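Notes for the structure review
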Amino acid sequence: MDIKKKVKKYFGIAVNRVVTATSQGVSAKDEIAEFEPAPEMVKLCRRAAAEGAVLLKNSNKVLPLTSDRVVSVFGRVQNDTFYVGYGSGGDVKAPYKVSFMQGIRANGKIRINELLARTYEKWCEANPVDDGFWGHWPMCYDEMPIDLSMARTAASQSDTAVVIIGRAAGEDRENTLEKGSYYLTDTEKQLLDCVTEAFDEVVLLLNCGSIIDMSEIEKYGDKISSILYVWQGGMETGNAAADILSGDVSPSGKLTDTVAEKWEDYPGSSDFGGKNFNCYTEDIYVGYRGLETFAKDKVLYPFGFGLGYTEFSVENIKCDCVNGVFSVRADAVNSGEYSGAEVLQLYYEAPSGRLGKPSRELVAFKKTKTLLPGERETVSLSFSVSDMASYDDEKEFAYILEKGDYKIYLGTDVRSASLCCEYTQEKGEIVKRLSQTCAPSEQGSFKRMKFINGELKYEDVPAAKYNLKDIILKNLPEETPFKGDRGIKLSDVKNGKASMSDFVSQLSPEELEAISRGDYIMNSPLGTAGNAGVFGGVLKSMRNKGIPAVTATDGPSGIRLQSGASLLPIGTGLACSWNTELIQALYEQTGLEMKRIGSDVLLAPGMNIHRNPLCGRNFEYFSEDPLVTGEIASAIVKGVQKAGVSACPKHYACNNQETNRTHNDSRVSERALREIYLKGFEICVKKAKPLNIMTSYNKINGVWGHYNYELCERILRGEWGFDGCVMTDWWMRSSKSPEFPQLCDQAYRVRSGVNVLMPGGSRTGRRKPDGTLLKTLGKPEGITLGELQRNAACVLGYIIRSDAMERTE
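Residues numbered from 1 in each chain as written. Predicted model: local features only at pLDDT ≥ 70, side-chain atom pairs only at ≥ 80, totals over all residues. Heavy atoms only, no water.

Considering the overall build of the protein chain
In terms of helices and strands, the protein chain carries 22 helices and 30 strands. Radius of gyration (C-alpha) of the protein chain: 27 Å, near the 28 Å computed for a compact globule of 809 residues. The principal-axis extent of the C-alpha atoms belonging to the protein chain is close to 85 × 65 × 50 Å. Of all 809 residues assigned to the protein chain, the portion counted as buried reaches 64%. (Helix = DSSP H or I, 4+ residues; strand = E, 2+ residues; numbered from the N terminus. Rg over C-alpha atoms; globule rule 2.2 N^0.38 Å. Buried < 20%, exposed > 50% of the residue type's maximum accessible area, 1.4 Å probe, protein only.)

A closer look at the nonpolar core
Ranked by internal contacts, the top residues of the largest apolar core, which has 133 residues, are F74, L206, M214, Y229, Y652 and Y677. The dominant element in this core, judged by the number of residues it contributes, is helix α17 (residues 626–642), at 8 residues. When neighbours within four sequence positions are excluded, Y229 is seen to be in contact with A53, V54, L56, L206, C208, S210, I211, I212 and M214. Listed in part, the 50 residues of the second largest apolar core include L468, V601, Y697 and L788. (Core = buried A, V, L, I, M, F, W, Y, C linked by side-chain atoms within 4.5 Å. Contact = heavy atoms within 4.5 Å.)

Observations concerning the environment of N58
Structurally, N58 can be placed in strand β1 (residues 54–58). A relative accessible area of 16% places N58 in the buried class. Sequence separation between N58 and D222 is 164 residues, and the spatial gap between their C-alpha atoms is 9.3 Å. With residues near it in sequence (within four places) discarded, N58 still touches L63, S225, S226, L307 and Y309.

Examining the sheet that holds strand β5 (residues 202–207)
The mixed open sheet is built from 6 strands, whose spatial order is β1-β6-β5-β4-β2-β3. On the outer flanks of this sheet lie β1 and β3 (111–112), each paired with one strand and no other. Packed onto the sheet, helix α4 (residues 114–126) meets β2 (70–74) and β3 and runs at close to 15 degrees relative to β2. (Pairing = 2+ DSSP bridges. Axes fitted to C-alpha atoms, helices over the stretch in contact; angles between N-to-C directions.)

Section: helix α18 (residues 670–677)
The periodicity of an α-helix, 3.6 residues per turn, causes residues three or four places apart in sequence to face the same way. Counting buried residues along α18, 8 of its 8 residues qualify, which places the element largely inside the surrounding structure. Listed in full, the buried residues belonging to α18 are E670, R671, A672, L673, R674, E675, I676 and Y677.

Side note on α17
Helix length check: α17, at 17 residues, gives a terminal C-alpha distance of 24 Å against a target of 24 Å (1.5 Å per residue), a fit within 8%. Within α17, 15 of the 17 residues are buried, which leaves it mostly tucked inside the rest of the structure. Measuring from the side-chain oxygen of the N-cap residue of α17 to the backbone nitrogen of L627 gives 2.9 Å; that N-cap residue is D625. Trailing α17 by a residue or two, G644 shows a phi angle of about 95 degrees, which is positive. (Expected span 1.5 Å × (residues − 1). Polar contact = N/O pair within 3.5 Å; in protein donor to acceptor, adjacent residues only side chain to side chain.)

Re the confidence of the model for the protein chain
Per-residue confidence for the protein chain averages 95 on the pLDDT scale, and 96% of its residues sit at or above 70. Scored below 50 in pLDDT, residues 1–26 makes 23 contacts in the model with residues more than four places away or belonging to other chains. (pLDDT = per-residue confidence, 0-100.)

A few points about the pattern of salt bridges
Following the criterion strictly, the structure yields 61 salt bridges and no others. Of the charged contacts in the structure, one is a salt bridge between R46 and D243, with a shortest N-O distance of 2.8 Å. Here the residue R46 occupies a position in helix α2 (residues 39–52), and D243 occupies one in helix α8 (residues 237–246), the gap between them amounting to 197 residues. Across the salt bridge formed by D460 and K447, the nearest N and O atoms sit 2.8 Å from each other. Taken together, the residues span a long stretch of sequence, with D460 in strand β21 (residues 455–460) and K447 in strand β20 (residues 447–452) at a distance of 13 residues. The class of D460 is partly exposed, set by a relative accessible area of 34%. Beyond isolated ion pairs, a larger network of salt bridges with shared partners links D283, R354, D392, D393, E394, R448, K450 and E459. (Salt bridge = Lys/Arg side-chain N within 4 Å of Asp/Glu carboxyl O.)

What to know about the packing of helix α5 (residues 148–156) against helix α6 (residues 186–198)
Here α5 crosses α6 at 40 degrees, and the two axes come no closer than 8 Å. The angle between α5 and α6 falls in the class oblique. Like other packed secondary-structure pairs, α5 and α6 cross with a definite hand, here right-handed. Contacts between α5 and α6 involve L148, A151, R152 and A155 from the former and C194, V195, E197 and A198 from the latter. Looking at the contact of α5 with α6 residue by residue, the classes come out as 6 nonpolar, no polar and 2 charged. (Parallel < 35°, antiparallel > 145°, perpendicular 65-115°, else oblique. Left-handed = near helix turned anticlockwise from the far one by under 90°. Nonpolar A, V, L, I, M, F, W, Y, C, P; charged D, E, K, R; others polar.)

Written as structure tokens, this is what we have:
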């Protein structure tokens, strides 16, 4: 190893130790836990990983692999598999991890070229992977070089080639427009060149955290027979992939993102990755909403697309509209030779009107059960006419149905969906009036796309027309006089023996400060070993009043504790299953694991929109579509909370890139905010009722998420009815309130409706309040006792609904 590599390696190790010392002390990536998952969890992990795999191509029905063929497996990730993305969301100490080769061998139906397999094993042993350190993880692993003679030798010993190409994903860094990240490396291209030259049947598996460039792969044409995105499937990755390759499971996954011809074809791509800010110039035309509207020729694989080993037809379509509710019923018929499942997807096309609309928007979907050949299932889809309304951020500040014809399309992806019915809106109608909020502060701060009657143009984004200070002052809560400890326990509130107001009136200013933050550090001694942080009863006097210390743990791909836990498939892979019932069942098992090993709050699901394929944290998130995002997130929250513990959807809101994430400003119109970036959160809050929500690191139109009164008080609580606890992402930026300059940091945060600073202190581990919360208490326009009491009530309102209360009874 040369001196430069040594310096880089050991500097990285030192940095990694410093970073992980603030959390669990060590990275769990290569550790195996002495933890035994429940059999049902293992079964669901395997099934979910398989159902999320998306088959993009299967020329000549090369897949599934038949037992009469010998298979040569190429690519180092057959052994050094990517199971999950790097960072807090995937750093789970798993009980085991099944690589692709291990899964193929265990399957028993796939005959492999053992000579080639041993060659890869020896090479991987001699060339171990370097996982880097926090935020500097590899994009991919160095590939074993293959020349044409080696490929031809393998071809002489086998019938079919399976090539596996892998890509890492990771928090606190982006994917890049470079070879080895978004693009293939020269070694990978040489591998494909040689294998496609030597073999007539080539299957390509993509072991990725997010979409990569497919244009280079498309150039091989039918030299590559089959293409399958297997994503990163957690601890059961290899078994799930083998199930699909062998035909034990027919692929049924569907893309939750559009695959465009080039990265530059994605709407708004030129406004991604800015260091200080990004103007969301594509507005509502994110992903397929833009590409299907004005760039259909730039699409390689449309949103919602995915093949199986069997064929389906959609028959007996019936539509009706009664009392403002559309119902569409159809038979999904398995007309092929294999068992399989299908996803029926319902889209609408609204009249262009004054606001401008995308040509297609998903409004409902449903996945069938696994159907035998010849079997059918009647699928019912429904939605309200009001679901087709658009938000007017120019004039009415309301959701409106513009006059004209609304067309409904049913199919198995956005491109193939065909017209099944129409609805005529005779005159414009306001279906839900709201108030302008969270709009950009200055008129003309940037321009946005608008597509009206076949013409794409740009116009100024409307600016805020209200005085936020007046709104805040008008809605300050009343205070309850401090009465000291009267012996009321929190369990008395839970059991109806006392009111929350009576209990909170006992809390001193010091206790009100303490309940507004965690226990300062990650891996708090008050919680289970390896915790992300603890909040609630962080003082002895609070625990004496019956307030338990509540343990939060990182997610979403499992529970990040030192004891270990099951490693789940990544968010994108789960979403591509389109199976909300399966995902809910999987996360119900996760909830049971939480109770078993000592977690009260799972910091999941991650549900930011896939605005651009380069976002480094896309692997944790679900889709470019807000409905898919909201429904998948709802399934996760329902599953976790059914077990008596809490989910915590994140990152609220517009955390759509990792570059400079703690300072970057997401500048977005109110319409795009409501229709795209908040819609998934809205669906999740209303359908699944999460008990906790986490804010984002970034700014939204100039205001950090952890200081955003408009998002937290006006929208989340005021419009959606959220009644739980809002916490920060870990640590926050120091700032003064523009409306109340004497307020800063914790007082600014609490006035904004963000209840808990996590983990509670600074990154230095200083175990002392910073003094900013109580500094202005009782002063003109300072923080009020009523605000502190309201804040405490929000935190305690979650806790009394948590099974954590059992520890105090």
